[in-house]
Amino acid sequence: MTIKSSVTSRSKLPDVGTTIFSVIGQLSAQHNAINMSQGAPNFPCDPALVQRVMRAMEQGHNQYAPMTGLVALKEALASKVFTLYGQQYDVNSEVLITGSASQGIYAAISGLVHAGDEVIFFEPAFDSYAPVVRLQGGVPVALKLQLPDFAINWDDVRAAITPRTRMIIINTPHNPSAQVLSREDLDQLAAIIRNSDIVVLSDEVYEHILFDGRQHQGMATHTELAQRSVIVSSFGKTFHVTGWRVGYCLAPAELMAELVKVHQFMMYAADTPMQVAFADYLRQPENYLGLSEFYQRKRDTLIALLAASPFRLLPSAGSFFMLASYADFSDESDSEMVKRLIVDYGVATIPLSAFYTDGTDNKLIRLSFAKDDATLRAGAEALCRVKPR
Ligand SMILES: Cc1ncc(COP(=O)(O)O)c(C=O)c1O
């Protein structure tokens, strides 16, 4: 039974809601499929972190936090960012604790993008960027990353910039391609937008997950870019607590002032007990500096387990994702392949076309290795049984 609406409303996002993600979710549930699709860990976080949250609640930290975040947490973050990346953000005016990276992205786009402004972003892309731009009356301008290594073509970026371009959205390490930007990429970006009013929105939620000795090239490592960037990150990804919904933004004070106005009326302040816990937990760098090694082992385990599968694995340089190609053994669309994997083999993955607004199909599927070893083994075993078609 549903309640029948007595009003007609004109949707602002008429095409959102019927995505392949919901189809995959339903099909996976029906077939009880092994979940290699979702970007959320299926293993527990550090019990010491949970204890800190419980202690914070017991000690009475259960009312509103300060609007932009707990000072102790902002101090811990500013100090971490200075130590790792060299940029000194002012705790009072340049750090904002948000209710997730998603909320930070929303606050940044809605605070800075005006109706008619153009926002350049790169596909395949995390699904929130374009709809949030459209909700502001902005115009998302999708550029395609270039296969096989999903590199940004900086000539394309130069050509796409118009007097209306207000923002460029960057994501490194990148979901879903698992590639990372280099120092040369940052220099190219800086040169292209020098002498403009273009803001960089830099989604760095996987900042602590880079492999094979790579260093994270975030905007805070590049002073010129830091001066025009909003950096967004997420405690959910770093501490295996995606359900806690706490993240943060860093930006120069003038830009941050606009984000804060949106944040104030959107949620006022992020969850207090979690902030108390993170403030304490962040003081031990080993709590986040070991993450690359942790996920590299999972990546390598999955690569070894899939050695006998018919899939060709693309290199994963960061994040907890890996792309797998089936172009050598099937002409099916990636959505058809993903459905067949669920129905016939009991394993759920994501078709890469879901990350393109025009549904581009490169015969690639995304695997998540943020999973315990038993799930990695079971998922890989299913993928090894796949028959060509
Ligand atoms: C690239 C990217 N940005 C942002 C997010 C959202 O992070 P949060 O869970 O903190 O909202 C995700 C989550 O999957 C992501 O992959």
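Note that the coordinates shown come from a computational prediction; the quantities given were computed from them, not determined experimentally.

(A) How the structure looks around the domain arrangement of the chain. Taken as a whole, the chain is organised into domain 1 (20-45 + 290-384) and domain 2 (47-287). Domain 1 and domain 2 are separated by 26 Å when their C-alpha centres are compared. Taken together, the 33 residues of domain 1 in the interface contact 33 residues of domain 2. Carbon and sulfur atoms make up 61% of the area that domain 1 and domain 2 hide from each other, which totals about 2700 Å². Along the contact surface separating domain 1 from domain 2 lie two salt bridges. Ionic pairing is found between Arg 299 and Asp 212, a salt bridge with its closest N-O pair at 2.9 Å. If you look at where domain 1 meets domain 2, you find 16 residue pairs in polar contact (both at pLDDT 80 or more). Broken down by secondary-structure element, the contributors of at least two residues to the side of domain 1 that touches domain 2 are helix 13 (291-305), strand 10 (321-325) and strand 13 (364-368). The element contributing the most residues to the side of domain 1 that touches domain 2 is helix 13, with six residues. Within the side of domain 1 that touches domain 2, the residues separate by chemical class into 20 nonpolar, ten polar and three charged.

(B) Quick look at the pattern of salt bridges. Following the criterion strictly, the structure yields 20 salt bridges and no others. Note that Arg 385 is salt-bridged to Glu 381, the shortest N-O span being 3.2 Å. Put simply, Asp 212, Arg 214, Arg 299 and Asp 300 are held in one network by salt bridges that share partners.

(C) Molecular detail of the site of the ligand. Taken together, Ser 100, Ala 101, Ser 102, Phe 126, Asn 171, Asn 175, Asp 203, Val 205, Tyr 206, Ser 234, Lys 237 and Arg 245 are the residues near the ligand. Tyr 206 places a polar side-chain atom, nitrogen or oxygen, 2.7 Å from an oxygen atom of the ligand. Contact between the ligand and Arg 245: an oxygen atom at 2.7 Å from a side-chain N or O atom of the residue. The class makeup of the residues in the shell around the ligand is four nonpolar, five polar and three charged.

(D) Expanded view of the pairing of strand 5 (residues 165-171). Among the seven residues in strand 5, six count as buried, and that is most of the element. Examined bridge by bridge, strand 3 (residues 118-123) and strand 5 share three bridges and lie parallel to one another. Counterpart to Glu 118 in the pairing with strand 5 is Thr 165. The pairing of strand 5 with strand 6 (residues 199-203) spans five bridges and is classified as parallel.

(E) Representation of the packing of helix 13 against helix 15 (residues 373-384) in the model. Between helix 13 and helix 15, the least distance of the axes is 9 Å, while the angle of their chain directions is 30°. One way to sum up the angle between helix 13 and helix 15 is to call them roughly parallel. Here helix 13 runs over helix 15; the crossing is right-handed. Judged by residue contacts, Arg 297, Lys 298, Thr 301, Leu 302 and Leu 305 of helix 13 engage Asp 373, Leu 376, Arg 377, Ala 380 and Cys 384 from helix 15.

(F) Here's a closer look at the confidence of the model for the chain. When the pLDDT values of the chain are averaged, the result is 96; 99% of them are 70 or greater. Taken element by element, the predicted model of the chain shows its lowest mean pLDDT in helix 1 (residues 20-31) (87) and its highest in strand 6 (99).

(G) Structural view of the sheet that holds strand 5. Within the open sheet, the seven strands sit side by side as 2-8-7-6-5-3-4. Their pairing is mixed. The open sheet is flanked by strand 2 (95-98) and strand 4 (139-144), the only strands paired with a single partner. The mean angle between the axes of side-by-side strands here comes to 20°, regardless of whether they run parallel or antiparallel.

(H) Main features of the packing of aromatic side chains. Scanning the model with the defined rule gives 20 aromatic pairs in all. Each ring, one from Tyr 64 and one from Tyr 268, has its centre 5.6 Å from the other, and the planes form 75°; the classification is edge-to-face. Note that Tyr 64 is positioned in the loop between helix 2 (47-58) and helix 3 (71-85) and Tyr 268 in the loop between helix 10 (253-266) and helix 11 (272-281), a separation of 204 residues in sequence. Its relative accessible area of 73% is what places Tyr 64 among the exposed residues. The exposure class of Tyr 268 is partly exposed, given its relative accessible area of 34%. Between Phe 211 and Phe 369, the ring centres sit 6.1 Å apart and the planes meet at 45°, which makes this aromatic pair tilted. Linking Phe 211 in the loop between strand 6 and helix 8 (223-226) with Phe 369 in the loop between strand 13 and helix 15, this pair joins segments that are 158 residues apart in sequence. In terms of burial, Phe 211 and Phe 369 fall into one category: buried. By the ring-pair criterion, three or more aromatic residues cluster together here, those being Phe 43, Tyr 206, Phe 211, Phe 294, Tyr 295, Phe 320, Phe 321 and Phe 369.

What counts and what doesn't
- Residues numbered from 1 in each chain as written.
- Predicted model: local features only at pLDDT ≥ 70, side-chain atom pairs only at ≥ 80, totals over all residues.
- Heavy atoms only, no water.
- Domains from an automatic or database assignment.
- Contact = heavy atoms within 4.5 Å.
- Buried area = accessible area lost by both parts, 1.4 Å probe.
- Salt bridge = Lys/Arg side-chain N within 4 Å of Asp/Glu carboxyl O.
- Polar contact = N/O pair within 3.5 Å; in protein donor to acceptor, adjacent residues only side chain to side chain.
- Helix = DSSP H or I, 4+ residues; strand = E, 2+ residues; numbered from the N terminus.
- Nonpolar A, V, L, I, M, F, W, Y, C, P; charged D, E, K, R; others polar.
- Near = heavy atom within 4 Å.
- Buried < 20%, exposed > 50% of the residue type's maximum accessible area, 1.4 Å probe, protein only.
- Pairing = 2+ DSSP bridges.
- Axes fitted to C-alpha atoms, helices over the stretch in contact; angles between N-to-C directions.
- Parallel < 35°, antiparallel > 145°, perpendicular 65-115°, else oblique.
- Left-handed = near helix turned anticlockwise from the far one by under 90°.
- pLDDT = per-residue confidence, 0-100.
- Phe/Tyr/Trp six-rings, centres within 6.5 Å; stacked < 30°, edge-to-face > 60°.

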